[in-house]
Amino acid sequence: MASVLLLWLAVCLSGTWAVDKGNFKTCDQSAFCKRQRALKPGESPYRALLETMELTNTRLTLQLINDNNKVRLLLELYRLQGNITRVKINELKPLKPRYEVPDVLIREPPTEPLSLLSQDENGVVLSLGAEYQRVIVSARPFRLDIMEGRDVLMSLNSRGLLAFEHLRMRKDTFSYKVTSTVASVWDNIKRVFSSQADPEGEKKEEADPANQAETAKEEEEKVEDGMWEESFKSHADSKPSGPSAVSLDFSLPGVEHVYGIPEHADTLRLKTTDNGDPYRLYNLDVFQYELYNPMALYGAVPVMLAHNAQRTTGIFWLNAAETWVDISSNTAGKTVFGKMLDYVQGSSETPQTDVRWISESGIIDVFIMLGPTPKDIFSQYASLTGTQSFPPLSALGYHQCRWNYNDQKDVQEVDAGFDEHDIPYDFIWLDIEHTDGKRYFTWDPHKFASPKEMLQGLVDKKRKMVAIVDPHIKVDSNYKIHNEIRSRGFYIKNKDGGDYEGWCWPGSAGYPDFTRADMRAWWASMFAYDQYEGSMENLYTWNDMNEPSVFNGPEVTMHKDAMHGAWEHRDVHNLYGFYVQMATAEGLIQRSGGVERPFVLTRAFFAGSQRYGAVWTGDNAAEWDHLKISIPMCLSLGLVGISFCGADVGGFFKSPSSELLVRWYQTGAYQPFFRAHAHLDTPRREPWLFGPENTALIREVVRQRYTLLPYWYQQFYQAHQTGQPIMRPLWVEYPQDPATFAIDDEFLIGRDLLVHPVTEEGARGVTAYLPGKDELWFDVHTFQKHNGAQNLYIPVTMSSIPVFQRGGSIIPRKLRVRRSSTCMEHDPYTLYVALNPQRTAEGELYIDDGHTFNYEKKEFILRKLSFAKNILSSVNIAPDAQFSTRSWIERIIILGASKPSKVTLKTAGGQESQVEFEFDASMSVLTLRKPGMNAGVDWSVTLQ
């Protein structure tokens, strides 16, 4: 079996490295997508039965009826805390329960009172708290509008594309014929007896519209291909529940820019899909993906943001089944000239974007986030699904990985190579070849015979390791993990009730059912030091292939009719990777008794995955366009809560030129997750293998990353507290500047650093947009000052990384770079104070132990740094927190300064002392040397 698998893999992995699009469905090949997309906008068959309305303090319920088939739906509407409206639609009486996504929301969202403003036969108007915000429910056809004052913020079913395929029995089956025959005989018996007892009652029953709906024969529905079974290539999907798709359209007046719904290798601003496939959300193992198209990739977050200069809104479609998203716009395809012509001619067409969500199964459960600012949207979404986990500080350093480091000696030599070439790093990674025959939680007995010795060697240098643990388990009766899972009945089942098996790296593999809480608890227990032999506290985990990847499955994933208890895989597919990472992170926490923060990297993800660790953009290629696309891919993830994102530096497939490799290091060093990785068949590419000049360039940028770790760590703390993204599109901070709305070749880290990586081969210069008409931006390398609201041409050489600090900000750095972040723990800080035109600046300094959960017990330092009226001060803004640091302030660099006559330091005890300084008049840079105060106490420095 293994040799057959290896032969099959060799065929797949040889030849051209490019995605075989034929392995993955288009909308036309996905029966429910094709069926739903065939519905054209127009009159909706659904109407609201206003007489069924019930309004309590917390929710409105209302029945909807499909006039074509008389099937009733139940609409629930909730007003949630924080300016969110929730709309749920399910069958009123489904044949059996329909899947509702658990575990993604961090709690049942708290509600706020809804009140009825008016009602007539055409509809109802409800208040959303504030007088000016209301929901209008129109009855015929059913439509829902959310308004603020006279403005419509969003409309649901305004194009009549609500569709809800009700569960039904298959009409050509024996059981259906028996059931329908019995039912019809029973109906006749009831009719005879009831008419004898009460002749009037028969008339009443017929006249009652509720009974009519219950007893009316469904309109003969056309049975289309793919409703009851479907095939793709050689794979059959038995579809035992029949058609069950749901769909709803949303109209966004005044909106031309929508973002989000990762993961796609596409621009930040989403494109219209009228002339091609919709964007697809279905977690898949896509081998070297294609760029600039809507194909599904490894993860799916069904969240979209809509933005214009007045407002930001969001849609969170909580459904874990295969989902397609269509986007259309009335301004799509219009050139700037065309839009100007409209303006000159007085054309009154308001821009509008229409979005339609289509999912294969489940219910409609949608959260409408009403902003109004981008920051409000991030807070609203975080209140539903949680914030980015707070990683150990070391995880923000540099990670060195390839498939695969060959053995312990190889690991030792690579580790020594970093010291020899004076390049810092924190983590070295082991891919699948470190295991004993692809049995996870094991080590190859020959190549990694003494893993603890290897790990101890890293501990001695204050470094760490990540080893891969994938969720496909080798079917082998001599493998403890497999035997345990099988004996406990924890494997996913096939449609016939046996354990589901598919091919992956080990050959024949079983797939644990991570949707089960008991399975996740067992999996977590396997990371205990006495269970995972050879593991130590400096070993962390990488979950790959967790879409799940099934080499011989349909679309390289699991059959949709596989069973997770009562639910089909089709219902839960996009949750699988989310659950794998959840269980793994829990295992790393438990093994330390709940003390240590975990680090887990995942390839597959869903809404809420931010709570469990980091994500990377998968199997990219050593090509310039793949370098470019890493920026919008990570920006899109940040917008939907997943801030800890990076791309394989250098590209996973193929071999980068030295220029591409250097430029990729320069880009990756300014993205949240910074890891180099490479395919088994590529030449080795440790940073010192490309000649001394390139080694020096890579060393310099990795060192830049390490100097900025205090700022990165502070950004992660803020993201963990507030849900704000770390790597941000410019429009998030400049929401009223249309020039920023489509920019995705530069980005902000927090609000104070702007980065425009060089991503063109042979570039001699780049043009960066510096936002903010009242802003100043300082080049962090030269300290040159530039005004905002301009396109700035920047000449570049191979050593250039255009990075700017915003005037008005204070950024802490540590300039004494050592071999790992942990070695720098007690080192001193340098503060970079960039003054704005008002000659003020502010920032923060966050310090804790860097690796435990003790910050939750208020063991940290959080200080506000402010410069105003020529006084720089540090003030405690977390007075209830307690922590001490040995780090001190070594240097203060003030950009845009004037020359003082003297500089005085005043410490908390009231002692004053003079501070040495230097002033560079040509650049207006003031440097204060060795003021010497502890970083965790109150102090002020006065320029006189």
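Model, not experiment: these values are computed from the prediction.

Applying the stated rule across the entire model yields 64 salt bridges. In this structure, Lys 864 engages Glu 842 in a salt bridge whose closest nitrogen and oxygen atoms are separated by 3.5 Å. Highlighted residues: Lys 864 in strand E46 (residues 861-868) and Glu 842 in strand E45 (residues 841-847), separated in sequence by 22 residues. One network of salt bridges, in which partners are shared, links Asp 237, Arg 280, Glu 322, Glu 360, Glu 555, Lys 560, Glu 568 and Arg 570.

With that out of the way, let us pick up helix H9 (residues 451-459). For H9, every residue scored as buried is listed here: Pro 451, Met 454, Leu 455 and Leu 458. Down the axis of H9, the sector holding all buried residues measures 95°, keeping them to one side. Each element contacted by the buried residues of H9 is listed here: helix H8 (408-420), strand E22 (427-430), strand E23 (464-468) and strand E27 (539-543).

A separate point is unusual backbone geometry. Note the cis peptide between Trp 403 and Asn 404, where omega equals 10°. Assignment of secondary structure puts Asn 404 in the loop between strand E21 (398-400) and H8. Cis peptide bonds are those with omega within 30 degrees of zero, and the linkage from Glu 547 to Pro 548 qualifies with 5°. A positive phi angle is found at Lys 438, which is not glycine, with a value near 60°. Within the secondary structure, Lys 438 sits in the loop between E22 and H9.

This part takes up the state of the cysteines. Tallying each qualifying case throughout the model produces two disulfides. For Cys 634, the disulfide goes to Cys 645, at an S-S distance of 2.0 Å. Measuring the twist about the S-S bond at about -75°, one finds the Cys 634-Cys 645 disulfide to be left-handed. Here Cys 645 lies in strand E32 (residues 645-646) and Cys 634 lies in helix H14 (residues 624-639), a separation of eleven residues in the sequence. Using a relative accessible area of 2% as the deciding quantity, one classes Cys 634 as buried. Numbered in order of appearance, the disulfide-bonded cysteines of the protein chain are paired 1-2, 3-4. Counting only cysteine sulfurs, Cys 645 is the nearest neighbor of Cys 401, a cysteine outside any disulfide, at a range of 16 Å.

Rules of the game
- Residues numbered from 1 in each chain as written.
- Predicted model: local features only at pLDDT ≥ 70, side-chain atom pairs only at ≥ 80, totals over all residues.
- Heavy atoms only, no water.
- Salt bridge = Lys/Arg side-chain N within 4 Å of Asp/Glu carboxyl O.
- Helix = DSSP H or I, 4+ residues; strand = E, 2+ residues; numbered from the N terminus.
- Buried < 20%, exposed > 50% of the residue type's maximum accessible area, 1.4 Å probe, protein only.
- Arc of directions from axis to C-beta.
- Contact = heavy atoms within 4.5 Å.
- Disulfide = S-S within 2.5 Å.

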